[in-house]
Amino acid sequence: MENWDARGAAALLVAASEAVTAAQDLLTKADQAIGDGDHGIGMSRGCEAVRNKLSAEPPATPGAAFSAAGIAMMMSVGGSSGAIFGTLFSAMGKRLGDAPLLTASLWADAIADGMAAVQKRGGAKVGDKTLIDALAPAVEAAREHAGEDFDRALALTAEAAVAGAEKTKALVATLGRAKTLGERCIGHVDPGALSLSIWLTGMAKAAASSPSNAT
């Protein structure tokens, strides 16, 4: 079973941030359809901050890496996206604590705590056409595979998030700016859910291609 140390966890977060940055135009178009159009720019700015922070201050533990990512997102991304992703990563970092290795079991606990924190902050639930619609199935997958190899658990977590994000196309938004569109938002993916799916997929691809970072 491969478990990831602080350096490896930071590398996964950097790879994920690079994937989101590369998808800036995609995220912008998604947000233009049902929001104010600045989601791609904001997430790209936040991802750059994540990379800079992890580079300037190498974390001592996987938990510290996620906490640093949370702080970077909160401080650099305006609007709800910074608060949501900042809260998610900060809560995950808190749950991981001082554990020296990121295991599948800890991953499941951390992402579940992250979702709980996001829901407490914003009140979103499954079906509201938000990031939660991608995060909830990701949490379920992580829990289901908590006893397996971390790389596999992460890959299945990402797959579940991708499927969840895709399903937001059929939903009517009940929160945020998209709420005013009513049924006109049907057919469009939620930008936050899409960002999360890209982030987790970026982590999973990095884990699969960089076994040397695992212990």
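Here the residue numbers are simple positions, counted from 1 along each chain's written sequence. Local features in this predicted model are restricted to residues whose pLDDT is 70 or higher, and side-chain atom pairs enter the listing and the counts only when it is 80 or higher, whereas totals over whole chains, interfaces and linings include all residues. Hydrogens and water molecules were not included; the side-chain quantities draw on all heavy atoms of the structure.

## What about the overall build of the chain?
Step number 1: By the criteria applied, helices consist of DSSP H or I runs no shorter than four residues and strands consist of E runs no shorter than two, each listed in order from the N terminus. The secondary structure content of the chain amounts to nine helices and zero strands.
Step number 2: For the chain, the spread of C-alpha atoms along the principal axes amounts to about 50 × 35 × 30 Å.
Step number 3: Put simply, the chain shows about 9,200 Å² of open surface, and 54% of that area lies on carbon and sulfur atoms.
Step number 4: Only four residue types enter the tally: Lys and Arg on the positive side, Asp and Glu on the negative side; His and the chain ends are excluded. Where a charge lies is defined by one atom per residue type: Lys uses NZ, Arg uses CZ, Asp uses CG and Glu uses CD. Each charge class in the chain can be summarised by its mean position, and for the 19 positive and 23 negative side chains these summaries are 6 Å apart. For every accessible area listed, the method is Shrake-Rupley and the probe measures 1.4 Å; residues are considered covered only by the protein chains on display.

## So, empty space enclosed by the protein
A probe matching the size of a water molecule, rolled over the atoms, marks out where space remains unfilled.
Step number 1: Think of a 1 Å grid over just the protein atoms. A cavity is a set of points where a 1.4 Å probe fits yet cannot get out, a pocket is an open set with protein on both sides within 12 Å along at least five of seven lines, and lining residues have an atom within 4 Å of a point. Grid points are joined across faces, edges and corners, and a volume is the space filled by probe spheres set on the points. On inspection of all chains with the given rule, the structure shows one cavity of 30 Å³ or more.
Step number 2: Taken as a whole, the largest cavity holds about 40 Å³ of empty space.
Step number 3: Lining the largest cavity are Phe66, Leu88, Phe89, Met92, Trp107, Ile111, Leu196, Trp199, Leu200 and Met203.
Step number 4: When contributions to the lining of the largest cavity are tallied by element, the ones reaching two or more residues are helix 5 (79-96), helix 6 (104-122) and helix 9 (191-209).

## Examining the confidence of the model for the chain
Step number 1: What pLDDT expresses is the predictor's confidence in each residue, scored from 0 to 100. Confidence in the prediction of the chain, expressed as mean pLDDT, is 91, and 92% of residues score 70 or more.
Step number 2: Least confident of the elements in the chain is helix 2 (residues 24-34), whose mean pLDDT is 92; most confident is helix 7 (residues 132-144), at 98.

## Focus: helix 9
Step number 1: In a helix, the anticipated span is given by 1.5 Å times the number of residues less one. Spanning 19 residues, helix 9 covers 27 Å between terminal C-alpha atoms, matching the ideal 27 Å at 1.5 Å per step.
Step number 2: Between a side-chain oxygen at the N-terminus of helix 9 and the backbone nitrogen of Gly192 the separation is 3.1 Å; the capping residue is Asp190. Throughout this description, a polar contact denotes any pair of N or O atoms lying within 3.5 Å of each other; where both atoms belong to protein, one of them has to be capable of donating a hydrogen while the other can accept it, and for residues adjacent in sequence the pair is counted only when both atoms sit in side chains.

## Details of the nonpolar core
Step number 1: Counting residues in each nonpolar core, the largest one holds 63 residues, and the members touching the most others are Phe66, Phe89, Trp107, Leu135, Trp199 and Met203.
Step number 2: Among the elements that line this core, the one with the most residues is helix 9, at ten residues.
Step number 3: In this description, contact between two residues means that some pair of their heavy atoms is separated by no more than 4.5 Å. Filtering out sequence-adjacent residues up to four positions away, Trp107 remains in contact with Phe66, Met92, Leu102, Ala142, Phe150, Leu154, Thr157, Leu200 and Met203. We call a set of buried residues a nonpolar core when its members are Ala, Val, Leu, Ile, Met, Phe, Trp, Tyr or Cys and they connect through side-chain atoms within 4.5 Å of each other. Whether a residue is buried, partly exposed or exposed follows from its accessible area with a 1.4 Å probe, protein chains only, as a fraction of its type maximum: under 20%, in between, or over 50%, in that order.

## What to know about the side chain of Asp31
Step number 1: Relative to the helices and strands, Asp31 resides in helix 2.
Step number 2: When sequence neighbours within four positions are dropped, the list of residues in contact with Asp31 reads Asp36, Gly37, Asp38, His39 and Pro191.

## Details of the environment of Glu148
Step number 1: For Glu148, the location among the structural elements is in the loop between helix 7 and helix 8 (150-167).
Step number 2: Overall, Glu148 belongs to the partly exposed group, its relative accessible area being 25%.
Step number 3: Considering only alpha carbons, one finds Glu148 and Ala104, 44 residues apart in sequence, at a separation of 6.4 Å.
Step number 4: A polar atom in the side chain of Glu148 sits 2.5 Å from the side chain of Arg152.

## A closer look at the packing of helix 4 (residues 62-76) against helix 5
Between two packed helices, both the angle of their axes relative to each other and the distance between the axes serve to describe the pair.
Step number 1: Where helix 4 contacts helix 5, the axes come no closer than 7 Å and their chain directions differ by 160°. Viewed along their axes, helix 4 and helix 5 adopt a mutual orientation that is roughly antiparallel. Our pair here, helix 4 against helix 5, has a crossing hand that is left-handed. Contacts from Pro62, Gly63, Phe66, Ser67, Ala69, Gly70, Ile71, Met73 and Met74 in helix 4 reach Gly82, Ala83, Phe85, Gly86, Thr87, Phe89, Ser90, Met92, Gly93, Lys94 and Leu96 in helix 5. Between N-to-C directions, angles cover 0 to 180 degrees, with each direction set by a line fitted to C-alpha atoms, over the stretch in contact for helices. For classification purposes, an angle smaller than 35 degrees is called roughly parallel, one larger than 145 roughly antiparallel, one from 65 to 115 roughly perpendicular, and anything else oblique. It is the rotation of the near helix from the far one that decides the hand of a crossing: anticlockwise by less than a right angle makes it left-handed, clockwise makes it right-handed.

## Some words on a nonpolar patch on the surface
Step number 1: A cluster of nonpolar side chains, namely Ile71, Met74 and Met75, defines an oily patch on the protein surface of about 330 Å² accessible area.
Step number 2: Of note, Ile71 is situated in helix 4. Grouping into patches uses exposed residues only, defined as over 30% relative accessible area, and leaves out salt-bridged ones; the cut-off is 9 Å for like charges and 5 Å for nonpolar side chains (Val, Leu, Ile, Met, Phe, Trp, Tyr). Just to be clear on terms, a salt bridge is a Lys or Arg side-chain nitrogen sitting within 4 Å of an Asp or Glu carboxyl oxygen.

## Considerations on the packing of aromatic side chains
Step number 1: Here is the rule: rings of Phe, Tyr and Trp (six-membered ring for Trp) pair when centre to centre is within 6.5 Å. Planes less than 30 degrees apart are stacked, more than 60 are edge-to-face, and the remainder are tilted. The tally for this structure, following the rule as stated, stands at four aromatic pairs.
Step number 2: Between Phe66 and Trp107, the ring centres sit 6.3 Å apart and the planes meet at 55°, which makes this aromatic pair tilted. Of this pair, Phe66 sits in helix 4 while Trp107 sits in helix 6, placing them 41 residues apart in sequence.
Step number 3: Given a relative accessible area of 1%, Trp107 falls into the buried group.

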